[in-house]
Amino acid sequence: MIAYLYLALALFAGLAKGFIGKKTSGDMESFRDCTFINLLRMLFCALVGFIFVIADGAFSALALTPESFGIYTLSAVSVSAFCVCWMYAYKADAYVFLNIFTMLGSIITSLLGFFIYSEPITLGKWIGMGLLVVAVSIMSKYNKDIKGKISLKGIIILVVGCLGCSIGDFSQKVYMKTSGESSAVFNFYTYIIAFVLLLILYAALAMRKKTPKLTLAVASKRNVLLYFLMSACLFLNAFFKTLAAGTLSSAEIYPVLQGANLILSGVMAQLFFGEKMNRKSLAGILTALAAVIIMSVL
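First, a word on what this report is: a plain description of the structure on this page. The structure displayed is predicted, hence computed values, not measured ones.

A short note on the overall build of the protein
Secondary structure summary: the protein contains ten helices and zero strands in total. Secondary structure elements in the protein, listed N-terminal to C-terminal, are α-α-α-α-α-α-α-α-α-α. Rg of the C-alpha trace for the protein: 18 Å, near the compact-globule value of 19 Å for 298 residues, within the 12% margin. Out of the 298 residues in the protein, the part that is buried amounts to 54%. Residue pairs in contact within the protein that sit at least 24 positions apart in sequence constitute 90% of those at least 6 positions apart. Accessible surface computed for the protein: about 13400 Å², of which carbon and sulfur atoms make up 72%. Distance from the positive charge centre (24 side chains) to the negative charge centre (12 side chains) of the protein: 11 Å.

Pasting the structure below:
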């Protein structure tokens, strides 16, 4: 029962993160802006993470080994890729479409759990995964109607972001299966390493003469505060998912979490982002929900 409480807390933290991310993406004009925003997000997440480490008293778990450092780095690279790609995609794509596309990551996470840890995937879950692919196909047509045709660059961003999300989720499972000493330490190291990686990327972008200058609105005090709130939500989302990963399988966690997120995100997009539902979007959402129900029940 406690594991599902963790999932509920992760869900609402993720919704808040998405809402703030969509709102602030309007001020972003370049990849440099996107990198700067996520650089701050990783720094704030690392600070929040260290506070959790202190509160948890998990100082012994801070000791690094080659194995743990590898897991933290895998998580950091994945989280960085997902955050940068999805922040960039927020500006160009429909919010509900992005949420359904993210659900494809649950397929990858479940397959990794199956092949590496022999976590069972029932026939119902295989059927549900197939329905998720159908749902993404339907929603891509809805996204084209309201946002226009996705470019090759846009497709690459979506694929890289989806892979980052799924591998990042799976790294939580790897950590809990190996040492699993402290969820707070895992997330602290994830974000501090991600901060270093994005700092290197931002410095490289800044050195290029053709790179546009940082947009002033992106670095405003109001937005920096929103980045901090978004970072706290990002950390809490990952923190509670890591705790849930200690007792539930990947096939149990991620489809259920993404399904509930889909319903609430659809409502949020309708109310706050002006994304009016039509037959395509409704068909895509219902297909995705059917997939989640099938994967959860069968």
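With respect to a nonpolar patch on the surface
On the surface, a nonpolar cluster with roughly 650 Å² of combined accessible area is contributed by Phe114, Phe115, Ile116, Leu123, Trp126 and Ile127. Mapped onto the nonpolar patch, the elements with two or more residues apiece are α4 (95–117) and α5 (123–147). One can find Ile116 in helix α4.

Some thoughts on the pattern of salt bridges
A complete count under the given rule lists three salt bridges for this structure. A salt bridge links Lys173 to Glu119; the nearest nitrogen and oxygen atoms lie 3.4 Å apart. Placement of the pair is Lys173 in helix α6 (residues 152–178) and Glu119 in the loop between α4 and α5, with a sequence separation of 54 residues. Judged by relative accessible area, which is 2%, Lys173 ranks as buried. Overall, Glu119 belongs to the buried group, its relative accessible area being 7%. Residue Lys280 is joined to Asp145 by a salt bridge in which the shortest nitrogen-to-oxygen separation is 2.9 Å.

Observations concerning the environment of Met87
Its location among the elements puts Met87 in helix α3 (residues 66–92). By relative accessible area, Met87 is classed as buried at 1%. Spatially, the C-alpha atom of Met87 lies 9.1 Å from that of Thr35, the residues being 52 residues apart in sequence.

Considerations on the packing of α5 against helix α10 (residues 279–297)
Where α5 contacts α10, the axes come no closer than 8 Å and their chain directions differ by 165°. One element, α5, and the other, α10, form an angle in the roughly antiparallel class. α5 and α10 meet at a crossing whose hand is left-handed. Looking at the contact of α5 with α10, its residues break down into 16 nonpolar, five polar and four charged.

Considerations on the packing of aromatic side chains
Per the stated rule, a full pass over the model turns up 25 aromatic pairs. Aromatic side chains Tyr72 and Phe186 sit 6.1 Å apart centroid to centroid with 55° between the ring planes, which places their arrangement in the tilted category. A residue pair is termed long-range when its members are at least 10 positions apart, and Tyr72 in helix α3 and Phe186 in helix α7 (residues 183–207) qualify at 114 residues. Across the pair, exposure class does not vary: Tyr72 and Phe186 are buried alike.

Reading guide: rules and limits
- Residues numbered from 1 in each chain as written.
- Predicted model: local features only at pLDDT ≥ 70, side-chain atom pairs only at ≥ 80, totals over all residues.
- Heavy atoms only, no water.
- Helix = DSSP H or I, 4+ residues; strand = E, 2+ residues; numbered from the N terminus.
- Rg over C-alpha atoms; globule rule 2.2 N^0.38 Å.
- Buried < 20%, exposed > 50% of the residue type's maximum accessible area, 1.4 Å probe, protein only.
- Contact = heavy atoms within 4.5 Å.
- Areas by Shrake-Rupley, 256 points an atom, 1.4 Å probe, with all protein chains shown as cover.
- Lys, Arg positive; Asp, Glu negative; His and termini not counted.
- Charge placed at Lys NZ, Arg CZ, Asp CG, Glu CD.
- Patch = residues over 30% accessible without salt bridge, like charges linked within 9 Å, V, L, I, M, F, W, Y side chains within 5 Å.
- Salt bridge = Lys/Arg side-chain N within 4 Å of Asp/Glu carboxyl O.
- Axes fitted to C-alpha atoms, helices over the stretch in contact; angles between N-to-C directions.
- Parallel < 35°, antiparallel > 145°, perpendicular 65-115°, else oblique.
- Left-handed = near helix turned anticlockwise from the far one by under 90°.
- Nonpolar A, V, L, I, M, F, W, Y, C, P; charged D, E, K, R; others polar.
- Phe/Tyr/Trp six-rings, centres within 6.5 Å; stacked < 30°, edge-to-face > 60°.

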